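Observations on chain architecture
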Amino acid sequence: LVQEIPLTDTGNSFKGRFDHLSYDSERKLIFIACLGEHAVVVVDAFAGSALSLQDVSSPEQTLLGRFGLLSYPQGILFVAATNRLYVANAGNGKVHVFQICEGKPCQTWKTWRQALNLLTIIDFGEEADNLRYADGQVFVGYGEGAIGVINDGSEVRRENIDFVCPGGHPEGFQLEMSSLAVNKRIFVNVADANAILVFDRTTGETVGEWPLPQGASDNFPMALDEVGRVLFVGVRKPADKACVLCYDVDSGEVVERLPCVGDMDDLCFDASRQRLYVIGGAGRITVIGTVEYPASLGVIESKRYEVLSEVPTGLGARTGIWYPERDSLYVAAPATSTLPSRLLVYHAMD
């Protein structure tokens, strides 16, 4: 832990639950979906200061409020190619798309008013959630079982392109991005079905359904190691046996099952170190990494994943983001009875 950035604005700590995060590496900004206050929090990662883009306590300073209140924002995504910020709302199923002007706005209301422009609001009906970006498209998990697609740049929803998840609401999902992938796929956690659905991203067809091991349930977060050909799936229940399942993306088989912190909502993969950071509301980060064994030990698999350490955070801190350009993990910790809300910054160690 190298820094704690207070998540306060005009002296008041943000309250309630934080959901997902995104970042703008050029401006060194981190965006946090503050579900508990219907707000987006912007953090200057360099200066260590925060600003809410929805100050409900001061109507004259309402920024996003003049565009229509956010409603329980969950997913957030900054797309550097077009300087667009996407905010997915669980409360009304809408995705707000903002344009951020060139240059770096100062952390004041006046400059952010000038820097942000609402381009459009796209209605997905209900519970817009996780957001992902690939190949000029933004993928949106929403409703009782679908992933929709928005064309980034034109901000138009692609019709008849939804990936349907009949088993329930899509939780965490990941996209194959590598140019080596013949048929780029989407891997989707469907917690209600205790399964992972696999789609062909080009055709929209379901090409696989991988069940959780017997007794495991509540598969929410997900991360993908394309080089290592491993899909990581966080499983919350049974609560006393929370774990990360490692799926071989070629066979769909579970190759490792590793115990981890409970109530996890984000898995962050550090590709340069081949590590996985499991962020859990129980107040810890479980660090998982690869361990190589010399052939002389007679281990069948010379390289496998193991739990390396447990790092304390704060109670309820269950979401975060790996920021490779700053070689750091950022974890959003909500306020408690004794501590204000804060953004915890962990620098990776070799």
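Sequence order as written defines the numbering, with residues in each chain counted from 1. Two thresholds apply to this predicted model, a pLDDT of at least 70 for residue-level local features and 80 or more for giving and counting side-chain atom pairs, whereas whole-chain, interface and lining totals are computed over all residues. Just so you know, side-chain values use all the structure's heavy atoms and leave hydrogens and water out.

So, the overall build of the chain
Note the cut-off: Working definition: helices are DSSP H or I runs of at least four residues, strands are E runs of at least two. Numbering for both runs from the N terminus. Whether a residue is buried, partly exposed or exposed follows from its accessible area with a 1.4 Å probe, protein chains only, as a fraction of its type maximum: under 20%, in between, or over 50%, in that order. The contact criterion used throughout is that any non-hydrogen atoms of two residues lie within 4.5 Å. Here the Shrake-Rupley method, with its probe set to 1.4 Å, supplies the accessible areas, and only the displayed protein chains count as covering residues.
Across its full length, the chain carries one helix and 31 strands. Classification of the 350 residues of the chain by burial places 56% in the buried group. Look at the contacts in the chain between residues 6 or more apart in sequence, and 47% of them connect residues 24 or more apart. Of the roughly 14700 Å² of accessible surface on the chain, a fraction of 51% belongs to carbon and sulfur atoms.

Quick notes on the packing of aromatic side chains
So the rule is basically this: Stacked, tilted and edge-to-face pairs are distinguished by plane angle, under 30 degrees for stacked and over 60 for edge-to-face with tilted covering the rest, among Phe, Tyr and Trp rings (Trp via its six-membered ring) whose centres lie within 6.5 Å.
The final tally for this structure, using the stated rule, is 11 aromatic pairs. With a centroid separation of 5.6 Å and an interplanar angle of 65°, the aromatic rings of F163 and F199 are classed as edge-to-face. In this pair, F163 is assigned in strand β16 (residues 163-164) and F199 in strand β19 (residues 195-200), connecting sequence segments 36 residues apart. Per residue, the accessibility class of F163 equals that of F199, and both read buried. Taking 5.8 Å as the distance between ring centres and 45° as the angle between the ring planes, the aromatic pair formed by Y323 and Y330 counts as tilted. On the basis of relative accessible area, Y323 is assigned to the buried category, the value being 1%. A residue is classified by how much of its surface remains accessible, and Y330, at 2% relative accessible area, is buried. Each member of the aromatic cluster is reached from another via a ring pair, and the members are Y23, Y323 and Y330.

A short note on the environment of G208
In this fold, G208 is placed in strand β20 (residues 206-211). On a C-alpha basis, the gap between G208 and V198 in space is 4.8 Å, while along the polypeptide they are 10 residues apart. The contacts of G208, once residues within four sequence positions are left out, are I196, L197 and V198.

Some remarks on the side chain of S341
To keep things clear, this is the line we draw: Contacts described as polar in this section are N or O atom pairs within 3.5 Å, which, within protein, must combine one atom able to donate a hydrogen with one able to accept it, while residues neighboring in sequence count only if both atoms come from side chains.
Structurally, S341 can be placed in the loop between β30 (328-333) and β31 (342-347). Taking relative accessible area as the criterion, S341 reaches 0% and is therefore assigned buried. A distance of 3.0 Å separates the side chain of S341 from the backbone oxygen of L7, its partner in a polar contact. Residue contacts for S341: discarding those within four places in its chain leaves P6, L7, S13, F14, F18, A333, P334 and A335.

Re the sheet that holds strand β29 (residues 319-323)
Rules: Pairing between strands is defined by DSSP: at least two bridges between them are needed. Fitted lines through C-alpha atoms give the axes, limited to the stretch in contact for helices. The angle between two N-to-C directions lies from 0 to 180 degrees.
The antiparallel open sheet is built from four strands, whose spatial order is β1-β31-β30-β29. One side of each edge strand has no neighbouring strand; the edge strands of this open sheet are β1 (3-6) and β29. In this sheet, adjacent strand axes meet at a mean angle of 20° when their direction is disregarded. With six bridges connecting them, β30 and β31 associate as antiparallel partners. Each residue of the ladder has a partner; that of S328, found in β31, is H347.

As for the confidence of the model for the chain
Regions with low pLDDT should not have their predicted coordinates read in detail. Formally: The predictor reports its confidence for every residue as pLDDT, a score running from 0 up to 100.
In this model, the chain carries a mean pLDDT of 88, and residues with pLDDT of at least 70 account for 87%. Confidence drops under a pLDDT of 50 for residues 55-68, and excluding neighbours within four residues, the segment shows 28 contacts in the predicted structure.

Points about the pairing of strand β14 (residues 146-151)
Along β14, five of the six residues are buried, which leaves the element largely enclosed by surrounding structure. Joining the antiparallel neighbours strand β13 (residues 137-142) and β14 is a turn of three residues, in which G143 adopts a positive phi near 60°. Where β14 and β16 come together, two bridges link them in antiparallel fashion. Its bridge partner lying in β16, I147 is registered against F163. Across two bridges, β14 lies against strand β15 (residues 156-157) in antiparallel orientation. Note that in β15 the partner of I150 across the bridge is R157. In this antiparallel pair of consecutive strands, β14 and β15, the connection spans four residues, and G153 shows a positive phi of 110°.

So, the sheet that holds strand β11 (residues 116-123)
Here four strands make up an open sheet; going across it, the order is β8-β9-β10-β11 and the pairing antiparallel. Looking along the sheet, the strands with just one partner apiece sit at the ends: β8 (73-79) and β11. Averaged over all pairs of adjacent strands, the angle between their axes in this sheet comes to 20°, without regard to strand direction. Of the strand pairs in this sheet, strand β10 (residues 94-100) and β11 are connected by seven bridges, and their pairing is antiparallel. The residue bridging K94 from the neighbouring strand is D123, located in β11.

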